Amino acid sequence: MPQIQFETLDRKIIIRIKDRICETPEELLNSSLFRHIVKEAIIELNKHDSYLLAIFPVKDAGREEINILIETFRFLVKMPAALVPNVVKESAPFFKNKSLFNEFVEYIYNYWRNFDRFIICESPEGTVENRPYRVFNNTVEHLTHLVRAVYRDIQENITGEHPNIFRQVRAGAEIATIAVPQKLPFRSSVYKKLDAVPMIRQVLLYPPLILNPPMNKRTGKYEKITVNPLEKVSIISNEWLCYPAKVGSLIIWIYFHQKFAELGFSLCNLFELATGKDLERKPDGIYCFGVDRSSIEGLGSSFNIFHEDKKNDVLVAACPNDDEFGYFGYLKKMVLTLHNAIMMNRGIFPYHGAMVRIILPKNKIVTVLLIGDTGAGKSETLEALRDLGKDVIKDMVIIADDMGSIQIDSKGQALGYGTEIGAFLRLDDLRPGYAFGQMDRAIIMNPNKVNARIVIPVTTFEKLNTGYPVNMVLYANNYEEADEEHPIVEQFVNVDQALKIFREGTVMSKGTTTSTGIVHSYFANIFGPPQYKELHDQLAQKYFNAFFKKKLFVGQFRTRLGINGYERKGPEEAAKALLELIAK
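Every value quoted in this text rests on a predicted model; they were computed, and no experiment measured them.

## Notes on the overall build of the protein
- Tallying secondary structure elements over the protein gives 15 helices and 27 strands in all.
- The C-alpha extent of the protein, read off along each of the three principal axes, is 90 × 55 × 40 Å.
- Here the protein, with 584 residues, has 59% of them falling under the buried criterion.
- At a minimum sequence separation of 6, the contacts of the protein that also span at least 24 residues come to 76%.
- Separation between the mean location of the 72 positive side-chain charges and that of the 70 negative ones in the protein comes to 4 Å.

## Structural notes on the pairing of strand β21 (residues 453–457)
- For β21, the buried fraction is high: five of the five residues fall into the buried class.
- Taking every second residue as pointing to the same face, both faces of β21 are buried, with Arg 453, Val 455 and Pro 457 on one and Ile 454 and Ile 456 on the other.
- Judged from the five bridges that link them, strand β19 (residues 422–426) and β21 form a sheet pairing that is antiparallel. Residue pairing in the sheet places Ala 423 in a bridge with Ile 456 of β21.
- In this structure, strand β20 (residues 443–445) lies alongside β21, joined through three bridges in antiparallel fashion. For Ile 444, the partnering residue across the bridge sits in β21 and is Ile 454.

## Re a negative patch on the surface
- A cluster of like negative charges, contributed by Glu 481, Asp 483, Glu 484 and Glu 485, occupies part of the molecular surface.
- Of note, Glu 485 is situated in the loop between β23 (472–477) and β24 (489–491).
- Under the relative-accessibility criterion, Glu 485 is labelled exposed at 69%.

## Here we look at the sheet that holds β20
- Overall, mixed pairing links the four strands, which are arranged β6-β20-β21-β19 in an open sheet. At either margin of the open sheet sits one strand with a lone partner, and together these are β6 (209–211) and β19. In this sheet, adjacent strand axes meet at a mean angle of 20° when their direction is disregarded.

So, how was this worked out
- Residues numbered from 1 in each chain as written.
- Predicted model: local features only at pLDDT ≥ 70, side-chain atom pairs only at ≥ 80, totals over all residues.
- Heavy atoms only, no water.
- Helix = DSSP H or I, 4+ residues; strand = E, 2+ residues; numbered from the N terminus.
- Buried < 20%, exposed > 50% of the residue type's maximum accessible area, 1.4 Å probe, protein only.
- Contact = heavy atoms within 4.5 Å.
- Lys, Arg positive; Asp, Glu negative; His and termini not counted.
- Charge placed at Lys NZ, Arg CZ, Asp CG, Glu CD.
- Pairing = 2+ DSSP bridges.
- Patch = residues over 30% accessible without salt bridge, like charges linked within 9 Å, V, L, I, M, F, W, Y side chains within 5 Å.
- Areas by Shrake-Rupley, 256 points an atom, 1.4 Å probe, with all protein chains shown as cover.
- Salt bridge = Lys/Arg side-chain N within 4 Å of Asp/Glu carboxyl O.
- Axes fitted to C-alpha atoms, helices over the stretch in contact; angles between N-to-C directions.

Next up, the structure:
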């Protein structure tokens with residue numbers, strides 16, 4: 001039998017394998033995981049006093065009845081129902097009502113598929129990552145075919161009929177990874193506790209994925225503290241994984257607890273996975289997402305905390321594993337907070353916004369930076385621009401969807417960079433049909449709740465890390481009506497006027513956090529600038545002076561996304577006005 005370890009957490013099953021997965025129906029049906037699923041499914045049926053339990057000869061099916069049931073399955077997978085009682089005499093009651101027994105098998109199959117299912121292929125010797133296709137093919141792909149085959153063979157032998165319609169649903173794992181341990185290159189003993197945590201080298205997923213993490217909003221601030229949280233937390237290595245992310249030009253090792261596995265694996269649609277030489281360099285940041293709450297309680301006034309370890313030149317962050325933090329925004333935004341803090345310390349100006357390179361006829365290129373808070377309408381305007389400009393715009397290259405940085409070159413030109421290859425978008429604010437057009441690679445979160453989200457790749461690492469000259473810097477205003485005195489796109493006349501608007505960071509909250517109504521956040525960016533306000537003020541003055549010196553178009557555009565009735569019309573009209581301006 002293969003060595004398989006598994007753990008169930010809420011509606012997740014995490015399977016860890018060292019060499020191989022079940023290869024035959026016999027191995028599958030004899031596995032401890034199969035027995036566990038059958039047992040838990042029966043417990044669930046008992047909670048509702050389900051009629052399906054009538055297949056058992058006694059009311060309360062226990063260990064003996066489950067043993068007989070599994071033994072029945074072992075023979076039923078290879079012979080017709082009429083013959084099984086000849087070899088498993090106690091199985092006769094199951095076949096008194098074949099239709100009911102067939103329905104029970106269907107329930108077991110669906111019960112298994114209702115879990116979010118993950119496979120972690122581990123290799124202490126570090127050999128499996130050199131042959132990922134073979135490993136994935138021999139584990140994930142094989143398990144999918146095996147589970148479906150066992151399910152279908154059992155049902156066919158119960159009913160005596162072949163199905164006419166074959167639905168090729170994902171019957172095995174939905175996400176798999178190859179992970180090997182990777183030591184941190186720090187001498188300090190506080191980092192040694194992370195050395196045994198497996199690091200993700202390759203990921204296989206079957207989109208579209210529909211996930212239901214425990215939370216659909218974030219709240220609280222991102223707080224800089226004086227103590228390294230790694231001094232306080234305990235790490236049980238076989239409960240954690242590390243996703244080494246390329247965040248712009250930085251490398252941030254993101255450790256996530258298995259309780260938040262669905263969120264941790266979703267990072268592959270957002271950040272490029274660091275490999276090769278990137279793993280040989282010292283990480284710029286470390287984030288432990290899902291630590292025990294009590295271990296960091298009291299280190300700050302909140303639980304979104306990070307520390308600047310100047311001795312080792314690394315930023316370290318931590319977040320608890322309570323359900324209230326089970327939202328992808330907590331994972332994404334802390335990583336970007338670390339990015340912004342590091343950039344500011346290097347004299348580079350970070351921004352919270354979207355940047356796009358628009359290619360027009362006659363080789364005219366306009367690079368636009370839209371700065372604004374979450375829900376201000378940045379992504380929505382760009383998508384509307386893509387749709388409205390399909391006959392005018394030759395191409396649109398996404399450089400950043402949410403966060404990035406600006407650097408001034410030796411000629412005084414502002415160059416724009418991004419951080420993420422993906423986007424984390426609100427489903428409600430996307431134009432009709434957009435999400436369905438991206439289904440083949442999407443991860444969808446909490447589709448039945450307010451602030452339902454989709455995580456999709458939107459650009460490449462090469463594009464976000466090239467550094468393109470910026471032509472326009474606009475603040476995304478989602479709260480003001482547009483009229484003759486307040487045009488949809490408005491240019492600022494000087495640096496002071498621009499800094500006033502950007503510094504106030506006014507936005508009408510769209511419910512992506514627990515805030516509602518008009519709110520203000522310094523430079524629409526709570527992710528680093530407020531924690532380094534004095535430094536950021538100096539950088540803002542320097543960079544905006546450079547913008548005006550180079551005669552960039554600096555202003556604001558009114559999306560009206562926060563005003564009722566303008567959720568789609570507002571960004572569309574903003575996109576139309578922007579298109580008219582850049583196409584002149």
